[in-house]
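This is what each chain is made of:
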Amino acid sequence: PPLDAGTMATSDKLEFTGTYCYATGDMFCGTCDVTGKPAGRGILYYLESGECDVGVFDGRLCQAGEGVRYSKDRDAAYRLMDGELEGGSLDLEESLRIMELEDTPAVRTKDTIPAPTTFDPARLKQTQAYYVYRQLADLPMHESAHGPSPFVPVWQKDEAEE
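These numbers were taken from a predicted model, which means no experiment stands behind them. (Residues numbered from 1 in each chain as written. Predicted model: local features only at pLDDT ≥ 70, side-chain atom pairs only at ≥ 80, totals over all residues. Heavy atoms only, no water.)

1. Brief notes about the nonpolar core
Piece 1. Counting 17 residues, the largest nonpolar core has Tyr45, Val54, Val68, Tyr70, Met99, Leu101 and Phe151 as the members making the most contacts within it.
Piece 2. Within the residue set of this core, elements represented by two or more residues are strand S2 (27-32), strand S3 (38-45), strand S4 (52-57), strand S5 (63-70) and helix H2 (92-99).
Piece 3. Sort the elements by how many residues they give to this core and H2 lands first, with 3 residues.
Piece 4. Beyond its immediate stretch of four places on either side in the chain, Leu101 contacts Val54, Tyr70, Leu96, Pro153, Val154, Trp155 and Gln156. (Core = buried A, V, L, I, M, F, W, Y, C linked by side-chain atoms within 4.5 Å. Buried < 20%, exposed > 50% of the residue type's maximum accessible area, 1.4 Å probe, protein only. Helix = DSSP H or I, 4+ residues; strand = E, 2+ residues; numbered from the N terminus. Contact = heavy atoms within 4.5 Å.)

In structure tokens form, the structure reads like this:
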């Protein structure tokens, strides 16, 4: 059922899945609040170091509870508690199980981000044609012409959800 104004005003937590990028180049992918800022479980990618943290975050990127930090090459994982390293390294399979992730987070470093290009009229027309086609075919308009983002976390499904 649609939310009325009263329900929306008293609802203390609307959640969305999205991406929030910071001026430093760091990027959060996961549960966001209505303003688009982090508000729940997700992955925080650090651009400078290439590492990423998986856990539950608030709007100020403070991690609460248990989490996992993955190395730059995603070949090592470390236990976090409230955002601080604690307990040493973890087996990669164990880290996926602890954080309920389907797969190890994608690698994101300065080296993996493509160099910016200039305006290309042909690319613009191709992108516009993609969305016109989707509209004419009554397909969802929210799917990107560039494909799905590899950075958005895929969580393991509960047996109750299936």
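2. Some words on the environment of Gly42
Piece 1. Mapping Gly42 onto the fold places it in strand S3.
Piece 2. As for Gly42 and Pro153, which are separated by 111 residues in sequence, their C-alpha atoms are 6.7 Å apart.
Piece 3. Non-local contacts of Gly42, meaning those with residues more than four positions away in its chain, are made with Phe28, Cys29, Gly30, Asp53, Val54, Gly55, Phe57 and Trp155.

3. Topic: the pattern of salt bridges
Piece 1. Going through the model one piece at a time under the given rule, you end up with 8 salt bridges.
Piece 2. Across the salt bridge formed by Arg69 and Asp53, the nearest N and O atoms sit 2.7 Å from each other. Here Arg69 is found in strand S5, whereas its partner Asp53 is found in strand S4, with 16 residues between them in sequence.
Piece 3. When salt bridges with common partners are traced through the structure, they connect Glu66, Arg79, Glu94 and Arg97 into a single cluster. (Salt bridge = Lys/Arg side-chain N within 4 Å of Asp/Glu carboxyl O.)

4. Focus: the packing of aromatic side chains
For any pair of aromatic rings, geometry is given as the distance between the ring centres together with the angle between the planes.
Piece 1. By the definition in use, this model includes 4 aromatic pairs.
Piece 2. Taking the centre distance of 5.7 Å and the plane angle of 75 degrees together, the rings of Phe28 and Phe57 count as edge-to-face. Of this pair, Phe28 sits in strand S2 while Phe57 sits in strand S4, placing them 29 residues apart in sequence. Taken individually, Phe28 and Phe57 each receive the classification buried, so the pair is uniform in this respect.
Piece 3. Aromatic pair Tyr130 and Tyr131: ring centres 5.0 Å apart, planes at 85 degrees, arrangement edge-to-face.
Piece 4. A relative accessible area of 25% places Tyr130 in the partly exposed class. (Phe/Tyr/Trp six-rings, centres within 6.5 Å; stacked < 30°, edge-to-face > 60°.)

5. Some words on helix H3 (residues 121-136)
Piece 1. The terminal C-alpha atoms of H3, which comprises 16 residues, lie 22 Å apart, in line with the 22 Å expected from a rise of 1.5 Å per residue.
Piece 2. The backbone nitrogen of Ala122 has a side-chain oxygen 3.1 Å away, supplied by the residue at the start of H3, namely Asp120.
Piece 3. Trailing H3 by a residue or two, Asp138 shows a phi angle of about 55 degrees, which is positive. (Expected span 1.5 Å × (residues − 1). Polar contact = N/O pair within 3.5 Å; in protein donor to acceptor, adjacent residues only side chain to side chain.)

6. A word on the pairing of S4
Piece 1. For S4, a buried count of 5 out of 6 residues is recorded, marking the element as mostly surrounded by other parts of the structure.
Piece 2. Taking the residues that link successive antiparallel strands as the turn, the S3-S4 hairpin has 6 residues, and the phi of Gly50 there is positive, at about 85 degrees.
Piece 3. As judged from the 5 bridges shared by S4 and S5, these two strands associate in the antiparallel manner. Bridge pairing in S5 links Asp53 to Arg69. (Pairing = 2+ DSSP bridges.)

7. Quick word on H2
Piece 1. Along H2, the positions that sit buried rather than exposed are Ser95, Leu96, Ile98 and Met99. Projection of H2 onto a plane perpendicular to its axis shows the buried side chains occupying an angular sector of 165 degrees, all on one side. Exposed residues on H2 whose side chains face more than 90 degrees from its buried face are Glu93 and Arg97.
Piece 2. As for H2, its buried residues are in contact with S3, S4, S5, strand S6 (77-81) and strand S7 (84-90).
Piece 3. Of the residues flanking the start of H2, the one acting as N-cap is Asp91, its side-chain oxygen 3.3 Å from the backbone nitrogen of Glu93. (Arc of directions from axis to C-beta.)

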